[in-house]
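Topology and contacts: notes
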Amino acid sequence: MNTGTGDVRESGERIELAIGGMTCASCASRIEKRLNRLDGVTATVNYATETARVVFDGDPVPAEELIAQVEKAGYTAEVPRSADAAADDGAAEAADPTRPLRDRLIVSALLSVPVIAMAMAPALQFTYWQWASLVLAAPVLVWGALPFHIAAWKNLKLGAATMDTLVSMGTIAAFAWSLYALFFGTAGEPGMTHPFELTIARTDGSANIYLEVAAGVTTFILAGRYFEARSKRRAGAALRALLELGAKDVTVLRDGAEQRIPTADLTEGDLFIVRPGEKVATDGTVEEGTSAVDMSMLTGESVPVEVGPGDAVVGATVNAGGRLVVRASRVGSDTQLAQMARLVEDAQNGKAEVQRLADRISGVFVPIVIALAAVTLGFWIGTGGSVAAAFTAAVAVLIIACPCALGLATPTALLVGTGRGAQLGILIKGPEVLETTRGIDTVVLDKTGTVTTGRMTLTDVFTAPGQSEDEVLRLAGALENASEHPIAQAIAKAALARTGGLGQVEDFANVEGQGVQGIVDGHAVLVGRTSLLAEWSQELPAELASAKAAAEAAGGTAVAVGWDGAARAVLVVSDAIKPTSAQAIEQFRALGLTPILLTGDNEAVARTVADEVGIEEVIAEVMPRDKVAVVERLQAEGRTVAMVGDGVNDAAALARADLGLAMGTGTDVAIEASDLTLVRGDLRAAADAIRLSRRTLNTIKGNLFWAFAYNVAALPLAAAGLLNPMIAGAAMAFSSVFVISNSLRLRGFAPLKGNEDTPDASALPASGRRESSSLAA
């Protein structure tokens, strides 16, 4: 446990820093440039995860010097603490770090609504309404907009301008001029109103107040920042979820006695026990016992792996069968689970920072507006105009440039789009996700749990001539129902669903590594490998042997059944293809995407599945690190890659891909590492998610265009001193109404016909399904 400032997380010549104080992507760029000025330093700053990764070409630069450089840029930096140390910090704050921003937004919204309403509706302008507006707007500008003012001040010291600069300058200008008009002009007189008239006339501004601009813009921009912060908060959740997968405690053998200890206390060479249903505590080698271990979390392999003495097992996998005694070979940060956590972390940090569209525009727009305001002031004074009129025109330029609708452009479209997505089972994590969907041209699909159901299912029954399928399932299912093996449970579940009842079992016995045997309704039944039946002189007839060979060649698992001295049937168990997967592949192609099947399963299984759903390119037998490498290779070829997966073994690839889509039926780690989550286990939802994301992004771009267009159109009027407050108010109101109306159009988004009403494969009976018969024949 680290009790100091933190553990220096270095790997070779590399160090990571936690960055604080960034408000937009340009902040990340500024820090990155400053760090890269140091000799021998290559830095990458990720705005989404608020981290900086520094790689040293030569001798490492001390962390203190790196932190000092970041602080000179106006931000904070520290060496990240260990996960345990971070978990010990204030639990309430860690539970919801966005709460202060949310509170600021709620208070600002409550105060701003009446200010905007009074300014826009003359009927609400009672005798002293302007002073009431001042009382309500002042806390919003001073306290609500404080983050923008602080950021603008930092930018000013660095000679930079961002969206924060524009918001701060515009709101302060609007508020300051309102104070002038109220205290030194005629706006503070009892009965003053803003009549609803759209006339163009030169004015000295002494009767005009813009408190609704100061309050409204602050609230709208706070709303956008809150939703952005809420999505950023999830950046580290994948790592937390991944580390939670490991076993918390373990039973070790010490001095011949069993002892329960925390997994963190395990050392290399310790012997520990893994009982049926328990997770393997750490990587090791089996010393005693045999069992089936569910390795799908790491490998994606749908069939449990049989292990015995001398075989390796991996931490966090699940023991599905007998009792194992394992000798620990790797512990702590050396385990495969820890390596996968590093893969996910590397993938997240390796993503290019998202360049927010509004910030890119404001980078050019803000300096132009400031320059125009200065030119306007100088021009009017230089041409003999009054100082009051000159300042009115200059301030009007700043006020009209303050983007009221811009604050609504992204959050309203995102709210409507994500809300509609949630109704359709599509969860979009943040606005930065949408920017990626436009360029996606390749979709990489995990097989197990994504294209297929991810569960062992009885897919075929081959019987000897004259033998009833129902009789085979009734007897074999009864015997398998007494076993804990995943394949046995798949057969038992299908048999029960097909026949409605199973026989009575007596003298049940598990034959290690071979199968099971027992008496069912007076019949001596054997279920398992052909070698088990051969021991009882029950050889498979030629037609059953041929069916077994064909099933195994296609990647299925064949189980022989015999009783009363003869082999009666072969049952084929495999991972069934979801009935909607083929249609989903067609929809991907219609979107201009090239589908690729990527799996840890063997080539035969992968090729069979790909042929059935219509995928041409298959990459099989890959481990998690290899999946990341495949995604990187495709990106190096110039492709923009979307990855769809559901397992822990997919998490790093989901994070590395340009767009990660996780099936909601999968693991928490995959969901947290992804950009989009598909609540339904239907692959067609992925096509709908990409369509909805692209539609939402186009809506945001349309909103941004109109939000800026009205500013640009009104700037000449402001510079000419012809800006009537009602024209400004009406233009702001119109632009905001347009943005909201345009966003609400997303509520009409509909999935492709049939996508919303076809049942998921997981909801279908496990027995009697013939849609995946090609897996076994």
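Since the structure is predicted, the reported quantities are computational estimates derived from the model, not experimental observations. (Residues numbered from 1 in each chain as written. Predicted model: local features only at pLDDT ≥ 70, side-chain atom pairs only at ≥ 80, totals over all residues. Heavy atoms only, no water.)

**Notes on the UniProt feature "transmembrane region" (unreviewed entry) in the protein**
Worth spelling out the cut-off: UniProt positions are given in the numbering used here, feature names are shortened, and annotations may be inferred rather than shown by experiment. Secondary structure elements follow DSSP: runs of H or I of four or more residues count as helices, runs of E of two or more count as strands, with numbering from the N terminus.
Under the UniProt annotation, "transmembrane region" (unreviewed entry) lies at residues 105–125, 131–153, 165–187, 207–227, 361–381, 387–410, 703–720 and 726–744. With 96% helix and 0% strand, the stretch residues 131–153 has end C-alpha atoms that lie 29 Å from each other. The straight-line gap between the two end C-alpha atoms of residues 703–720 is 27 Å; of that span, 94% is helix and 0% is strand.

**Structural notes on the pairing of strand β20 (residues 557–563)**
The condition is simple: Only protein chains enter the area calculation, which uses a 1.4 Å probe; residues under 20% of their type maximum are buried, those over 50% are exposed, and those in between are partly exposed. Here the rule is simple: two strands pair whenever DSSP picks up at least two bridges between them.
Where burial is concerned, most of β20 is hidden: seven out of the seven residues are buried. Of the two faces of β20, the one carrying Thr557, Val559, Val561 and Trp563 and the one carrying Ala558, Ala560 and Gly562 are both buried. In terms of strand pairing, strand β19 (residues 523–528) meets β20 through four bridges, oriented antiparallel. Within β20, the position partnered with valine 527 by the bridge is valine 561. Where β20 lies against strand β21 (residues 566–577), seven bridges are found, and the strand directions are antiparallel. Counterpart to glycine 562 in the pairing with β21 is alanine 567. Connecting β20 to the antiparallel partner β21 that follows it, the hairpin turn spans two residues, and aspartate 564 within it adopts a positive phi of roughly 50°.

**A look at the layout of surface pockets**
Gaps left between atoms are located by rolling a probe of water-molecule size over the structure's atoms. Keep this limit in mind: Lining residues are defined by having an atom within 4 Å of a point belonging to a cavity or pocket. Those points lie on a 1 Å grid over the protein atoms alone, cavities being sets where a 1.4 Å probe fits but cannot get out and pockets being open sets with protein on both sides within 12 Å along at least five of seven lines. Grid points are joined across faces, edges and corners, and a volume is the space filled by probe spheres set on the points. Residues are sorted three ways: Asp, Glu, Lys and Arg are charged, Ala, Val, Leu, Ile, Met, Phe, Trp, Tyr, Cys and Pro are nonpolar, and all the rest, Gly among them, are polar.
Considered as a void within the structure, the second largest pocket measures approximately 930 Å³ in volume. Lining the second largest pocket are 46 residues, with Glu306, His485, Ile487, Gln514 and Arg529 sitting closest to its centre. Counted by class, the lining of the second largest pocket contains 16 nonpolar, 19 polar and eleven charged residues.

**Quick notes on the pairing of strand β18 (residues 515–520)**
In summary, the side chains of a regular strand alternate between the two faces of the sheet. Pairing of strand β17 (residues 505–511) with β18, which is carried by five bridges, proceeds in the antiparallel orientation. What sits directly across from glutamate 506, in β18, is isoleucine 519. Alignment of β18 against β19, held across six bridges, turns out to be antiparallel. Each residue of the ladder has a partner; that of glycine 518, found in β19, is valine 525. Hairpin connection from β18 to β19: two residues lie between these consecutive antiparallel strands, with aspartate 521 at a positive phi of about 50°.

**A closer look at the sheet that holds strand β24 (residues 641–645)**
As a reminder, the rule being used: Lines fitted to C-alpha atoms define the axes, with helix axes restricted to the stretch in contact, and inter-axis angles between N-to-C directions lie between 0 and 180 degrees.
Spatially, seven strands are ordered β14-β26-β25-β24-β15-β22-β23 in an open sheet, and the strand pairing comes out mixed. Where the open sheet ends on each side, the last strands, each with one partner, are β14 (426–428) and β23 (617–619). On average, adjacent strands in this sheet sit at an angle of 20° to one another, irrespective of strand direction. Relative to β23, strand β22 (residues 594–598) runs parallel, the two sharing three bridges. What sits directly across from isoleucine 596, in β23, is glutamate 617.

**Quick notes on the packing of aromatic side chains**
The criterion, for reference: The aromatic pairing rule takes the rings of Phe, Tyr and Trp, using the six-membered ring of Trp, and pairs them if the centres are within 6.5 Å, calling planes under 30 degrees apart stacked, those over 60 edge-to-face and the rest tilted.
Inspection of the entire model under this criterion finds four aromatic pairs. Ring plane angle 40° and centroid distance 4.7 Å describe the contact between tryptophan 177 and tyrosine 180, whose orientation is recorded as tilted. Of this pair, tryptophan 177 and tyrosine 180 both sit in helix α8 (residues 163–183), three residues apart, which is roughly one turn of that helix. With 5.6 Å between their ring centres and 75° between their planes, phenylalanine 379 and tryptophan 380 make a pair best called edge-to-face. Since its relative accessible area comes to 17%, tryptophan 380 is described here as buried.

**Thoughts on a nonpolar patch on the surface**
As a reminder of what qualifies: To count toward a patch, a residue needs a relative accessible area over 30% and no salt bridge; like charges are then connected within 9 Å, while nonpolar side chains (Val, Leu, Ile, Met, Phe, Trp, Tyr) are connected within 5 Å. All accessible areas in this document rest on Shrake-Rupley with a 1.4 Å probe, and a residue is counted as covered only by the protein chains that are shown. Throughout this description, the term salt bridge denotes a Lys or Arg side-chain nitrogen within 4 Å of a carboxyl oxygen of Asp or Glu.
On the surface, Val107, Val142 and Trp143 cluster together into a nonpolar patch covering about 270 Å² of accessible area. Inspection of the secondary structure assignment puts valine 107 in helix α5 (residues 99–120).

**Quick word on the packing of helix α22 (residues 581–590) against helix α27 (residues 684–719)**
Keep this limit in mind: If an angle is under 35 degrees, it is roughly parallel; if it is over 145, roughly antiparallel; if it lies from 65 to 115, roughly perpendicular; otherwise it is oblique. Here a crossing is called left-handed whenever its near helix is offset anticlockwise from the far helix by less than a right angle, and right-handed whenever the offset is clockwise. The contact criterion used throughout is that any non-hydrogen atoms of two residues lie within 4.5 Å.
Orientation of α22 relative to α27, taken along the N-to-C sense of each, is 25°, at an axis distance of 8 Å. Compared by their axis directions, α22 and α27 come out roughly parallel. The handedness of the crossing between α22 and α27 is left-handed. Residue-level inspection shows Gln583, Ala584, Gln587 and Phe588 of α22 in contact with α27, the latter providing Arg684, Ala686, Ala687 and Ile690. The residue inventory of the contact of α22 with α27, partitioned by class, reads five nonpolar, two polar and one charged.

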